[in-house]
Amino acid sequence: MQFNKIALASAAAAVLGFAGQAQALTAPAGTTVYMTGASATSANYVAALKSLCTAAGGSAKVFKNNTNVGTLGNFFTVQCQNAAGTAVVDFDTLSTSTVAFNVDGGSFTAVVNSSTGGTATKFITPTAATFGETCAIGVDTIACAQTATTETKVSEGGFMDMEPAAFGTQVDVYGDISGNVAVSNFSQAFYVAVSKGLYDALQTAQGVAEPVGADERLPQYQPSISRAQYASIANNDVFGQAKTAPGAFLGVPAGKLTLCRRVDTSGTQAASNQYFMNTLTGIGPNGGNLTPIGAAFPATSTFAVNEGASTSNTRSCLGSATAYAVGVLSAENAPKTTDLYRYVKLNGVAIGDAVKNKNAAVLGNYDFAYQSFTYCAAGVGSCAVLDAINNTLGDLTNSTGLYGKGESPFHHNDNNANPITKN
């Protein structure tokens, strides 16, 4: 087997966060696997690969290009190394030690930026590094280092929060790709998130208050937004009260409202469009779907639209202690006490329980949830890493926001155009 040498940081660099000093790192000649697609479930990709690395006797490390130790960002690479950090090892059952992700743009980039779409995109190649940081990724922790995106590749595919049909005419240019799409082993709950400023205003307006020192994220302290209210905010009716007088519309003091939505290639946006706008199922002779408002809407003194490429962008848009902002996030992305956004109840039902944020969906009491899909450009069954992550995510008992097929009898039955029913 031929070996490549990757120079680690010099001995003068900071001590490694896990163990040992920087030294030459040997890597097998196997190629890195590149993946694009859904950003909402990023933390679970890392958790799955960490599990596969641990099973192989290794220690997983994350390379990313942002400095926030609490988020992955849009570009990150997971590498399996030996305990000493002197050599890479293959993930359990796989012939690769490195998996690079670019989730900028979300779910549909699993098609666009794969060999199917042919549009190459940026990825991070692991470089010399010391792991002086421990990143809190979802409910897990992992050694991490910052580095730049250094190469441009097409991906093998990736995960999608919704099936390709949910992305409307975007999918038409690729012809029949049914042989590349498979239902994943898990479903994902979503929720309406608001800025801390709007959360506080809604609490006051709805007579909700937590005792001093209590966790305001708990269900009993969450205010509520209705499905009809969010649909009114997110559709393209520019003359409705939600756009012209959002404070009065929501029953809070006057103020400008920002809708923090995702780009059209986002699976979170596709899920929002289906749930609130009926875009996937609102077809046929009677129609019945609404058009989502987008970034082309010119901002006014009362309403603006911010369109973000990734979940991280939406969280940033929502983060304000005083301003009013609202959007949709995957329940994997639970707000920390230090975050300046919060989840609210939807029609009086809380998905956020400050624990796993899925119990209501698992019990069938909360229906803003959809099954995820995998996209493999080489054809279903031909993407070993994608399948390994998917199989590892079949048991999501300890995961936030996601639940495996065996955890709940309530599903869309492998087609998100179906209503949720009990098996």
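Look above for the structure.
A. The state of the cysteines, seen in detail. Scanning the model with the defined rule gives 4 disulfides in all. Here Cys-135 connects covalently by a disulfide to Cys-144, the sulfurs 1.9 Å from one another. Classification of the bridge connecting Cys-135 and Cys-144 rests on its S-S torsion, roughly 75°, and on that basis the disulfide is right-handed. Accessibility expressed as a relative area gives 1% for Cys-135, which makes it buried. The residue that forms a disulfide with Cys-260 is Cys-317, at a sulfur-sulfur distance of 2.1 Å. Negative torsions about the S-S bond denote left-handed disulfides, and the value of about -70° found for Cys-260 with Cys-317 makes this one left-handed. Of this pair, Cys-260 sits in strand S14 (residues 257-262) while Cys-317 sits in helix H8 (residues 311-318); the two residues are 57 residues apart in sequence, bridging distant segments of the chain. With its disulfide-bonded cysteines labelled consecutively along the sequence, the protein is connected as 1-2, 3-4, 5-6, 7-8.

B. Local environment of the layout of surface pockets. Of the voids in this model, the largest pocket is the one considered here, and its volume is about 640 Å³. Looking at the largest pocket, it is lined by 34 residues, and the ones nearest its centre are Gly-70, Thr-71, Arg-315, Asn-333 and Lys-336. When contributions to the lining of the largest pocket are tallied by element, the ones reaching two or more residues are helix H1 (42-55), H8 and strand S17 (341-343). Class assignment of the residues belonging to the lining of the largest pocket gives a composition of 13 nonpolar, 16 polar and 5 charged.

C. Structural context of the environment of Thr-98. Mapped onto the elements, Thr-98 comes out in strand S6 (residues 98-102). The spacing of Thr-98 and Ser-372 is 274 residues in sequence and 24 Å in space, taken between C-alpha atoms. Residues in contact with Thr-98, not counting those within four places in the same chain, are Thr-32, Val-33, Thr-77, Val-78, Gln-79, Phe-91 and Pro-126. At a separation of 3.1 Å, a polar atom in the side chain of Thr-98 contacts the side chain of Gln-79. Separated by 3.4 Å, the side chains of Thr-98 and Ser-97 make a polar contact.

D. Highlighting the packing of helix H4 (residues 227-234) against helix H7 (residues 267-277). Between H4 and H7, the least distance of the axes is 9 Å, while the angle of their chain directions is 115°. Where H4 crosses over H7, the handedness of that crossing is left-handed. Across from Arg-227, Tyr-230, Ala-231 and Ala-234 in H4, the residues of H7 making contact are Ser-272, Tyr-275, Phe-276 and Met-277. Residue composition of the contact of H4 with H7, grouped by class: 6 nonpolar, 1 polar and 1 charged.

E. How the structure looks around the packing of aromatic side chains. For the structure on display, the rule yields 16 aromatic pairs. For the pair Tyr-275 and Phe-276, a centre-to-centre distance of 4.9 Å together with 85° between the ring planes defines the contact as edge-to-face. With respect to burial, Tyr-275 and Phe-276 carry one shared label: buried. Measuring from centroid to centroid gives 4.4 Å for Tyr-275 and Phe-368, while their planes differ by 20°, and the two rings are stacked. Here Tyr-275 is found in helix H7, whereas its partner Phe-368 is found in the loop between helix H9 (359-362) and strand S19 (369-376), with 93 residues between them in sequence.

F. Just the nonpolar core, in detail. Counting 66 residues, the largest nonpolar core has Tyr-191, Leu-198, Tyr-230, Ile-233, Phe-276, Val-326 and Phe-368 as the members making the most contacts within it. Aside from chain neighbours lying at most four places away, what touches Phe-276 is Val-192, Arg-227, Tyr-230, Ala-231, Val-328, Leu-346 and Phe-368. Grouped together as the second largest cluster of nonpolar side chains are 36 residues, Ala-43, Tyr-45, Ala-48 and Cys-53 included.

G. Seen up close, empty space enclosed by the protein. Inspection of the entire model under this criterion finds 2 cavities of 30 Å³ or more. Its volume calculated, the largest cavity comes out at about 60 Å³. Within the residue set of the lining of the largest cavity, elements represented by two or more residues are H4, S14 and H7. With 4 residues, the single largest contributor to the lining of the largest cavity is H7. Of the residues contributing to the lining of the largest cavity, the split by class is 6 nonpolar, 3 polar and 1 charged.

H. Highlighting the side chain of Arg-262. Secondary-structure assignment places Arg-262 in strand S14. Buried within the structure, Arg-262 lacks any salt-bridge partner; Asp-161 is the closest side chain of opposite charge, at an N-O distance of 5.8 Å. Only 3.4 Å separates the side chain of Arg-262 from the side chain of Ser-266, close enough to count as a polar contact. At 3.3 Å, the side chain of Arg-262 and the side chain of Thr-311 are in polar contact.

I. Fine view of the pairing of strand S3 (residues 33-36). Judged by which residues are buried, S3 turns out to be covered on both faces: Val-33 and Met-35 on one side and Tyr-34 and Thr-36 on the other are all buried. Looking at chain direction, S3 and S6 are connected through 4 bridges and run parallel. Opposite Tyr-34, over in S6, you have Ala-100 as the bridge partner.

J. Representation of the pattern of salt bridges. This model, assessed by the stated rule, comprises 8 salt bridges. Residue Asp-264 is joined to Arg-261 by a salt bridge in which the shortest nitrogen-to-oxygen separation is 2.7 Å. According to the relative accessible area criterion, Asp-264 is partly exposed, its value standing at 46%. Classification of Arg-261 as buried rests on a relative accessible area of 5%. The partner of Lys-358 in a salt bridge is Glu-407, and the shortest N-O contact between them spans 3.3 Å. With Lys-358 in the loop between strand S18 (345-346) and H9 and Glu-407 in the loop between strand S20 (402-404) and strand S21 (410-411), this residue pair connects regions lying 49 residues apart in the sequence. Residue Lys-358 is classed as buried on the basis of its relative accessible area of 3%. One continuous salt-bridge network, built from bridges that share partners, spans Lys-196, Asp-200, Glu-216 and Arg-342.

Calculation notes
- Residues numbered from 1 in each chain as written.
- Predicted model: local features only at pLDDT ≥ 70, side-chain atom pairs only at ≥ 80, totals over all residues.
- Heavy atoms only, no water.
- Disulfide = S-S within 2.5 Å.
- Buried < 20%, exposed > 50% of the residue type's maximum accessible area, 1.4 Å probe, protein only.
- Helix = DSSP H or I, 4+ residues; strand = E, 2+ residues; numbered from the N terminus.
- 1 Å grid on protein atoms, 1.4 Å probe; cavity = no way out; pocket = protein on both sides within 12 Å on 5 of 7 lines; lining within 4 Å.
- Points joined across faces, edges and corners; volume = space filled by probe spheres on them.
- Nonpolar A, V, L, I, M, F, W, Y, C, P; charged D, E, K, R; others polar.
- Contact = heavy atoms within 4.5 Å.
- Polar contact = N/O pair within 3.5 Å; in protein donor to acceptor, adjacent residues only side chain to side chain.
- Axes fitted to C-alpha atoms, helices over the stretch in contact; angles between N-to-C directions.
- Left-handed = near helix turned anticlockwise from the far one by under 90°.
- Phe/Tyr/Trp six-rings, centres within 6.5 Å; stacked < 30°, edge-to-face > 60°.
- Core = buried A, V, L, I, M, F, W, Y, C linked by side-chain atoms within 4.5 Å.
- Lys, Arg positive; Asp, Glu negative; His and termini not counted.
- Salt bridge = Lys/Arg side-chain N within 4 Å of Asp/Glu carboxyl O.
- Pairing = 2+ DSSP bridges.

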